[in-house]
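Fold and geometry: a report
Residue strings, one per chain:
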Amino acid sequence: MSTTFFEKHRETLEQAVRATASRIYWSPYPESPSPRVYGEEANELGRAAFEAYKNSDFPLAADGATGTIGDEVSPFGPSLGIQYPYVPVENLLEQSRRAFDSWRKAGPQAWVGVCLEILHRLNQRSFEMAYAVQHTTGQGFMMAFQAGGPHAQDRGLEAVTYAWQDMSRIPEQVLWEKPQGKHDPIRMEKRFTIVPRGVGLVIGCSTFPTWNSFPGLFANLATGNTVIVKPHPGAVLPLAITVSIARDVLAEAGYDPNVVQLAVHDVNDTDTVKKLALDPAVRLIDFTGSSANGNWLETNARQALVYTEKAGVNQIIIDSADDIKSVARNLAFSFALYSGQMCTAPQNVYVPRDGIAVGDGRMSFDEVADALGAAVERLVSDPARAVEITGALQNEGVAKRIERARALGLPVVHDSQPLAHPQFEGARCVTPLLLQTDANDENIFQEWFGPIVFVVATDSTEHSIRLARDTVLHHGALTLAAYTTDDAIAQKVEDAACEAGVSLSLNLTGAVFVNQTAAYSDFHGTGANPAANASLSDTAYVSNRYRVVQTRWHV
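As a starting point, this report considers the structure included with it. (Residues numbered from 1 in each chain as written. Predicted model: local features only at pLDDT ≥ 70, side-chain atom pairs only at ≥ 80, totals over all residues. Heavy atoms only, no water.)

**Looking at the sheet that holds strand β3 (residues 173-180)**
Two modes of strand pairing occur in sheets, parallel and antiparallel, and in both the strands are linked by backbone hydrogen bonds. Pairing is antiparallel across the open sheet formed by three strands, whose spatial order is β3-β4-β20. For this open sheet the edge positions go to β3 and β20 (546-554), each flanked by a neighbour on one side alone. Neighbour-to-neighbour, the strand axes of the sheet open up by a mean angle of 30°, direction not taken into account. Here nine bridges tie strand β4 (residues 183-196) to β20, and the two strands are oriented antiparallel to one another. Looking across to β20, one finds that Glu-189 is bridged to Trp-553. (Pairing = 2+ DSSP bridges. Helix = DSSP H or I, 4+ residues; strand = E, 2+ residues; numbered from the N terminus. Axes fitted to C-alpha atoms, helices over the stretch in contact; angles between N-to-C directions.)

Pasting the structure below:
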C-alpha cells in the first residue's frame, strides 16, 4: 500500500522537485478557503468536526495510555475542554523502538509515499485544522487556515522533497569492476542501504503548532525515523489531528501506527520533555521556542542531533524612500499581523536621528515615527477588520510583556489598546505598542515577543547597518529589512546581512511582508546566527537524519 501511495502522489513529488530547483512560485495545496476550491460544504464540515472535539475525549487510539490530560483555553475566550490520551514516557519510547524495526526496513519509497498521503489527507481537512489552529494559537481565521493548513503542508512537503532528492541519489545496488590489465577485472556487487537514525522528537510551539512542526515531523518520517510529537500544552489539538491522520495512513499501509505517537503532558510538567530529550533512543530533536529551552537542548541532549529555532531580534533599517506612506503601510501591517507573535515579526526600526530623504525632500526622525504610528492607527481604526489581522494574544504572558514595555517610560508613538472582537467577547485582542528610543537603550537588544516595536534613533544609516549586523551576530534574527533609494546603501545592507547570516528584504511596499516566507522558494532562517541552527528547508536539514550502510561481495 505504501508504494501505491508513492505512485499516487509521484507527480506532485516530481513537481516539488522542480520547484525547489527553480525556486519559482508553486504549491499543490491551495491557500484560498474558497468553496470553489475545497467544496461547498468544506467549511461547515470543518467547523462541525472542531466543535465535536470540544468537551470530550479526543478520538485517538493510543497504545500504553494510562489516563487523559487536557487544559487548552482558546485565546478568543472559552475553554476547549478536550482530553487527550496520556502515555507515559517509558511506554512512548518502548513503542517507538518496536515500531522502528519494521519501519526502518520499508525503504525510501515507502517512507515518502506514506508522507505524501498524510499531507494529502491533511490538506483535505484544512478547514478542520484552521479552526483548531485559530482556537489554540489566537490567529485570525484566514491566517489559521493558510499558515496552519496549506502553508504548513507546503513546508512539510518541502522537507519530504529534499529528503527524496538526497536519498534518491544513492543507488540501491551496483556492479563494481576494477580493471586489472592482463588479468580479469575485480568484480563486486555492492548494496547500499539507507539506515535512519532512530527515534525523532518534535517539540511543538504554542503559536504555530503545524507550520513549525511539520518540517521536522516529515523530515524524520521521510528518512525512516519514528516520531514522537510533543505539542505545547496550550496548542495540542492541531498536532493531535495530525498524529491521528498519520497513524491512520500508517495502519492502512501495513505499518505499526506507533511510528508516530502523541506525547501530551500537564502545563506544569517539565520532566516529560527532559526524559524524552535525554533518552539514548532519541536521536533527533526538532524544537521551536525560547532561547533558554533551545540552548538547554543543544547543551544537554548530546546523544541527538538537535535542530532549533529560538528567539531573535528582527530589525528594519530606514535610510530613504520615494513614498513614506507606502513604507509605513507595509510596516504597520507587519507590526499588527498576528500581534507580532511570529518569529519573523519586526521589532526594532532604525531611523537616523537627523532624518531621511523622502522624494525631493526630507523627513525628521519624529516625522518618520509619527508616520509609522499614523499608519498603525489607520490599520486598526475599524476593530472588526483589525481583529482579523491582529488575531488574539496566545497567552497572558504576551499581555504582561506589553505592560512591561509600556512601563519602561519611553515616549509612546502608538499605544496598545484593547480591540473588541465582534464574535468572541472574551478575546485577548490588542493593537501594537510603538515606543521611541535611542540606539544605546539596552532594551532593544532582547526579543520582546508580541506586538511591541521600538523606533530607534541612530547616528546615521551606517550606524543603523552596523547596529543591525552586530545585533544579529550576538542575539540572532530570522529577518532583516531595509528601505533605501540608494543602490550603494542597499549593497552595504546586503553585505552586512551576508556577514551576519540573516535573510534580507529590500523596499517591501506591496502585498509581500517581511514576516512572510514562501515554501519551495524562500529559506526560512539560515542556521547562520543564534536565532536558529538550521534552515527550513534545505538539504542540510534532512541529509543528516539517515546514514548509508553498504554490503559488498565478490562476483
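**What to know about the side chain of Asn-330**
By the secondary structure assignment, Asn-330 is in helix α14 (residues 324-336). A residue is classified by how much of its surface remains accessible, and Asn-330, at 3% relative accessible area, is buried. Here Asn-330 is in contact with Tyr-483, Leu-508, Thr-509, Gly-510, Val-512 and Phe-513, once residues within four sequence places are set aside. (Buried < 20%, exposed > 50% of the residue type's maximum accessible area, 1.4 Å probe, protein only. Contact = heavy atoms within 4.5 Å.)

**Let's talk about the sheet that holds strand β18 (residues 479-483)**
Strand order in the open sheet formed by seven strands is β15-β16-β17-β12-β10-β18-β19, with mixed pairing between adjacent strands. Each end of this open sheet is capped by a strand with a single partner; those strands are β15 (412-414) and β19 (503-506). Averaged over all adjacent pairs, the angle separating strand axes in this sheet is 25°, with direction ignored. Two elements, strand β10 (residues 315-318) and strand β12 (residues 348-352), share three bridges in a ladder whose sense is parallel. Paired with Ile-317 across the two strands is Tyr-350, which belongs to β12. Strands β10, β12, β16 (433-438), β17 (452-458) and β18 of the sheet are contacted by α14, whose axis makes an angle of about 160° with β18. Along the sheet, helix α15 (residues 365-379) contacts β10, β12, β15, β16 and β17; its crossing angle with β16, the most-contacted strand, is approximately 170°.

**Here we look at the packing of aromatic side chains**
In the structure shown here, the tally under the stated rule is 16 aromatic pairs. Ring geometry for Phe-50 and Tyr-131: centres 6.3 Å apart, planes at 20°, overall stacked. Placement of Phe-50 in helix α4 (residues 42-53) and of Tyr-131 in helix α7 (residues 126-137) is noted, with a sequence separation of 81 residues between them. For the ring pair Trp-448 and Phe-454, a centre distance of 5.9 Å and an interplane angle of 65° mean the geometry is edge-to-face. Like Trp-448, the residue Phe-454 is buried in the burial classification. Taken together, Tyr-38, Phe-127 and Phe-145 form an aromatic cluster joined through their ring pairs. Between Arg-23 and the ring centre of Phe-523, over which it is positioned, the NZ or CZ distance is 4.2 Å. (Phe/Tyr/Trp six-rings, centres within 6.5 Å; stacked < 30°, edge-to-face > 60°. Lys NZ or Arg CZ within 6 Å of the ring centre and 35° of its normal.)

**Considerations on the pairing of strand β9 (residues 305-309)**
The element β9 is largely enclosed, with a buried count of four among its five residues. With five bridges joining them, strand β8 (residues 282-288) and β9 adopt parallel strand pairing. Bridge assignment links Asp-286 to a residue of β9, and that residue is Tyr-307. One crossover worth recording links β8 to the parallel β9 by way of helix α13 (residues 291-300), and it is right-handed. (Right-handed = clockwise from strand over helix to strand, strands pointing away.)

In short, geometric facts, not functional conclusions.
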